[in-house]
Amino acid sequence: MEAQYRVQKRSVDARQRELKVHLTLLTDDEGHYIPKDAPVPLYEPPHFLHCAPSAKQVAIIGAGPAGLFAALTLLEHGVRPVIYERGKDVSARKRDIALLCRNQGLNEESNYCFGEGGAGTFSDGKLFSRSKKRGNMQRVMELFHYFGAADTVLYEAHAHIGSDRLPAIITRMRECIEEYGGEIHFSTLFDESLFRDLQARHIPIILAIGHSAHDTYRMLLRSGVAMEDKGFAMGVRVEHPQSLINSLMYHLPLTTKRASAHINAAQQHTNGEALNATLSPLGNASYALVTQVNGRGVYSFCMCPGGHIVPAGSTADGCVVNGMSASHRNSPYANSGMVVEIRPEDVAEFQGIDGSNALRGLAFQEYVERLAKQHGGEQSQAQAPAQRLRDFVEGKASRDLPACSYLPGVVPSRLDEWLPASIGKRLQQGFRDFDRKYHGFLTNDAVILGVESRSSSAVRIIRRSDTMQSISHSLLYPCGEGAGYAGGITSSALDGIQAATAILSSLNHQ
């Protein structure tokens, strides 16, 4: 049926023994199903207006999803966006990331965090959000589709683009922005000088810096921008054989023979070669796990079926990991962040380090990242500290490590000993809880890597709820993950759209 009719929504329910695929099909005014190839518009395409250099201008700090979607929204109304991005364009960024994965050095301005498209460009490309933010989330999906994403982004409940396809889509967005008169300045840091210049010229600023711009947070604090600390999460990244996750989530019997075959396949997975580990026509399985341990949430984050673990730090003195997967999700590994909820009172010992409590969560992030670096490999390399999962939970050293997708390499380490107890002890109990729900999840065929510390911002740049302007600086519009108002690609993109809409409303009333 999916091949014959236009699908409006598709989701898979694997919570019970009986797997269910839910489809919602589009109908016409008379209630007839619309054929898939019918000449019916999927949606109203965007209509961009060309902007002359003399057109009204808005500065956008950051070329991540919030910044790019803000720019596209402005162009639909004839307002010229000028984007300032500290990192490089996608092509140049790819080269720097390749060097990083080969342990040939980190470029602190061009990496998995910084550059065109933001932290999401070389991520899993998930277009799914738990955000309760009001707005037209479907329009975000339509714009991704307009710039080259597959039809599935329009109807899959958990839509996914893939790290291999997202860079080309981001490039098309940038080319569109430039074609209609916008500007993008790469390798341009938003510092005090640029901030003062834009303010002096009374140019509205959309602040879409992303959650890893720690130096920019400190500059903003020095400049008197109102900020506060907020809750965030930190933990590790766990990686299992994908066929084990398929068996657990799709309720398939995992025989010893099948488990051995999968582990052998994973061990043969070298140099990033993709091996198809799919056990079901539904594709490789994902999971979403959550529990409560000693008053704090422990949960999976950014689960990547058929994916890889990547070095996601932005400073040479810290070790950070994250996950990604290509469009086909066909590697033999399944990885996910496993993080612990952290509230401001949990990091009280770090207050005042920057002269304000606003950045104490950020200081804690950096502290744990440095610990991970100290317990990883050589200081000049991106190797990550790792431990077999059951060994971590039982407090044992891992004499060796299983095959792993992390290209820079892993080093055996006692994460159970050096992770702060507020994180490590809760993770240990959390993994026990998850194993009770999916028996076999807690296994030494799985490995954890440290640390997953950039799952969300630890800082909020305070803005007014009605105008979206900073409460301390007029014409400054904080938005996206870096401002503490979004989490992930789609909610960040939507927040960027809403910031641009707020500016357009202000310009119309001038």
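That block above? That's the structure.
Here the structure is a predicted model, which is why all the values come from computation and not from measurement. The numbering scheme is per chain: residues are counted from 1 as the chain's sequence reads. Reporting in this predicted model follows two pLDDT cut-offs: at least 70 for local features of residues, and 80 or more for side-chain atom pairs to be given and counted; totals over whole chains, interfaces and linings ignore these cut-offs and use all residues. Only hydrogens and water are set aside; all other atoms, that is, all heavy atoms of the structure, feed into the side-chain values.

Q: Lay out the nonpolar core in plain terms, naming residues and giving numbers.
A: The set of buried Ala, Val, Leu, Ile, Met, Phe, Trp, Tyr and Cys residues whose side-chain atoms join them within 4.5 Å is what this entry labels a nonpolar core. Accessible area is worked out with a 1.4 Å probe on protein chains only. A residue is then buried under 20% of its type maximum, exposed over 50%, and partly exposed in between. Phe144, Ile206, Met338, Leu427, Phe431 and Phe441 are the most contacted members of the largest nonpolar core, which totals 111 residues. Element by element, the count of residues in this core is highest for helix 13 (residues 489-508), at 10 residues. The criterion used for residue contact is that any of the two residues' heavy atoms lie within 4.5 Å. Non-local contacts of Ile206, meaning those with residues more than four positions away in its chain, are made with Val58, Ala59, Ile60, Ile61, Ala70, Tyr477, Cys479, Ala499, Ala500 and Ile503. By size, the runner-up hydrophobic cluster in this structure holds 28 residues, among which are Cys113, Phe190, Val225 and Val459. Where helices and strands are cited, they refer to DSSP runs of H or I of at least four residues and of E of at least two residues respectively, numbered from the N terminus.

Q: Could you give an account of helix 7 (residues 242-249), naming the residues involved and the relevant values?
A: The element helix 7 is extensively covered by neighbouring structure, given that eight of its eight residues are classed as buried. All buried positions along helix 7 are accounted for by Gln242, Ser243, Leu244, Ile245, Asn246, Ser247, Leu248 and Met249. Where helix 7 terminates, the next one or two residues include His251, which has phi positive at roughly 60 degrees.

Q: Break down the sheet that holds strand 11 (residues 290-293) for me, with residues and values.
A: Here the rule is simple: two strands pair whenever DSSP picks up at least two bridges between them. Reading across the sheet, the seven strands line up as 11-12-15-10-18-16-17 and stay open at both edges, with mixed pairing between neighbours. The open sheet has two edge strands, strand 11 and strand 17 (410-412), and neither has a second partner. Pairs of neighbouring strands in the sheet enclose a mean axial angle of 35 degrees, with direction left out of account. In this structure, strand 16 (residues 384-388) lies alongside strand 18 (residues 447-452), joined through three bridges in antiparallel fashion. Counterpart to Arg388 in the pairing with strand 18 is Val447. Note on definitions: angles span 0 to 180 degrees between N-to-C directions of axes, and those axes are lines fitted to C-alpha atoms, for helices only across the stretch in contact.

Q: Give me the lowdown on the pattern of salt bridges, citing residues and values where you can.
A: Each reported salt bridge corresponds to a side-chain nitrogen of Lys or Arg within 4 Å of a carboxyl oxygen of Asp or Glu. Per the stated rule, a full pass over the model turns up 23 salt bridges. For Arg460, the salt bridge identified is with Glu228, shortest N-O distance 3.6 Å. Linking Arg460 in strand 19 (residues 459-461) with Glu228 in strand 9 (residues 227-229), this pair joins segments that are 232 residues apart in sequence. By relative accessible area, Glu228 is classed as partly exposed at 32%. Residue Arg436 pairs with Asp433 through a salt bridge whose shortest N-O separation is 2.2 Å. In this pair, Arg436 and Asp433 are both assigned in helix 12 (residues 421-437), three residues apart and thus about one turn of the helix distant. What you see here is one network of salt bridges that share partners, running through Arg86, Glu109 and Asp215.

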